[in-house]
Amino acid sequence: MKLNELLTATSVVNRIGEGDPEISSISHDSRETVQGSLFFAISGFKTDGMKFINDAVQRGAAAVVSQTPLAASLSIPFIQVADTRKSLAELSWKLFGNPEQKLRLIAITGTNGKTTVANVLSYILNHCGYPCGVCGTLGIQYRGFHTDSPRTTPEADVLAPHLRSMLDSGITACVMEATSIGIALKRVHALPFEAAVYTNLSRDHLDFHGSWDAYLQAKLELFKNLPPASIAFINSDDEHADDFIRASSAPVVTYAVDNPADYQARSIALAPGELDFDLQCGNDSFHVEAPLIGMFNVYNLAATFAVAHHMGCNPEQILQSLKSVPCVRGRAETVPSSAPFTIVVDYAHTPDALAKILSSIAELKPRRILTVIGAGGDRDRGKRPEMTKAAERLSEKVILTSDNPRSEDPATILRDMAAGISDPLKFTIEPDRHTAIEIALGDAQAGDVVVIAGKGHETYQEIGGKRFPFDDREIALNWLAQKNLSA
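First things first, this report covers the structure right here in the doc. (Residues numbered from 1 in each chain as written. Predicted model: local features only at pLDDT ≥ 70, side-chain atom pairs only at ≥ 80, totals over all residues. Heavy atoms only, no water.)

If you walk through the whole model with that rule in mind, you get seven aromatic pairs. With 5.4 Å between their ring centres and 85° between their planes, Phe223 and Phe244 make a pair best called edge-to-face. Of the two residues, Phe223 is situated in helix α8 (residues 212-224) and Phe244 in helix α9 (residues 241-247); the sequence distance between them amounts to 21 residues. The same class applies to Phe223 and to Phe244, which are both buried. (Phe/Tyr/Trp six-rings, centres within 6.5 Å; stacked < 30°, edge-to-face > 60°. Helix = DSSP H or I, 4+ residues; strand = E, 2+ residues; numbered from the N terminus. Buried < 20%, exposed > 50% of the residue type's maximum accessible area, 1.4 Å probe, protein only.)

Encoded structure:
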């Protein structure tokens, strides 16, 4: 697309330089700029994109966009805009033919449950004849295609070509995880969501947002900007539900277990590896069965049923699909084995998420719960002792270990976590995660449940700024194989 045509999709403050070059791609990273790219010089948290303009030009950039005025001469057109991140989204959608206008887009936000809701909803829609893609923590997936994503909610220039490919391959809907950071950085700006789901809110990402209120406001922003024809699906049992109901610019549909709701879960039965409940909707009652565990999944499935139902799926097809829904990778995932105890891998990396998975397992009445848990480096330090307290309260034994220490000293992180200990007899501190997992497995006895929490689906450990192969599930499987306890 020619530059001048492309720029009609955003508000231009100033322009320096003539010419109307052909734009073949958009990039916000000079290292990914190629011949014909429109380079966005964005002021980041660690560096300023204006410093990389010359690198982008050398790599073939056809023009540059920024909200910072140009201080030096440039051989290609420079476009100043009011908000670089808004323009990045607007021009990305435009360059790829506005696929967002033709796809049925559904956003999922909340502290916990986003990945499960997004992937289960995508599974239901595909089962019910609505070809669906999914974009989130587990990557971007559609029609057999899968690619990892460095961010749960990708930047618009990364997302736009995938939305285009989805549309071209016959996909009609896309479910997206919308993180608070993604919303704050306008990665979903101008996307006309047909539906948005709010799961819950608890402490997370305060290292980015700076305060609880800023975190809440970021989540609310998604609902404030919903198209009038959209629907907001709100968990009315959550203590912040009223904030989201008031903020929504679209009609609200509620789901809940305890409080009155449009979709009310009742007669809940939880068992190892399965759950079933009745979902009351007006005068209709639907019996839900699924091979998942935990009360938190009752909420997740109520949300997915409600959205699929409103999108036109046949209720019986929804219920049939849920009977065979696969466990979402790293979300209350049971590791297959012949051991007399159970191993569960879960992504829980916040105090609330950890409490929910451990509480759900406690409801199954295991002999003991043994929990392996760490905390990420370069992230909110305040949640570290809170995670320890949650693990201690709901476990008989806790092994504190490393998660992704990143650039931090693992010993520092463990000291922060140890500040939450009140009963030292319950705890073992082992910095090496591989060893920590083996300690828990080696101590497990018949009827116990070992919960390996914090990393879930991740297949790496980030130490000193470098990523090393590491998969909690594979560590457990290898240990089981050595002990002749494989499934």
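Turning our eyes to something else, we now look at the packing of helix α3 (residues 84-95) against helix α5 (residues 156-168). Running from amino to carboxyl end, α3 crosses α5 at an angle of 20°, the nearest separation of the two axes being 9 Å. With respect to α5, the axis of α3 lies roughly parallel. Crossing of α3 against α5: the hand is right-handed. Two secondary-structure elements touch here, α3 through Leu88, Ala89, Ser92 and Trp93 and α5 through Ala156, Asp157, Leu159, Ala160 and Leu163. Along the lines of polarity and charge, the residues of the contact of α3 with α5 split into seven nonpolar, one polar and one charged. (Axes fitted to C-alpha atoms, helices over the stretch in contact; angles between N-to-C directions. Parallel < 35°, antiparallel > 145°, perpendicular 65-115°, else oblique. Left-handed = near helix turned anticlockwise from the far one by under 90°. Contact = heavy atoms within 4.5 Å. Nonpolar A, V, L, I, M, F, W, Y, C, P; charged D, E, K, R; others polar.)

What follows covers the packing of helix α4 (residues 114-127) against helix α11 (residues 315-323). Closest axis-to-axis distance for the α4/α11 pair is 9 Å, and the angle between their directions is 125°. One finds that α4 runs oblique with respect to α11. Where α4 crosses over α11, the two elements pack in a sense that is right-handed. Contact with α4, carried on its side by Val120, Tyr123, Ile124 and His127, involves Gln317, Ile318, Gln320, Ser321 and Leu322 of α11 and no other residues of that element.

Our focus in this paragraph is helix α14 (residues 410-418). Of all the positions in α14, only Ile413, Leu414, Asp416 and Met417 are classed as buried. Down the axis, α14 shows its buried residues gathered within 155° of arc, on one side only. Those residues of α14 that are buried lie in contact with β19 (369-373), α13 (383-394), β20 (397-400) and β21 (427-429). Two to three positions downstream of the cap, the backbone nitrogen of Ala411 sits 3.0 Å from a side-chain oxygen, assigning the N-cap of α14 to Asp409. (Arc of directions from axis to C-beta. Polar contact = N/O pair within 3.5 Å; in protein donor to acceptor, adjacent residues only side chain to side chain.)

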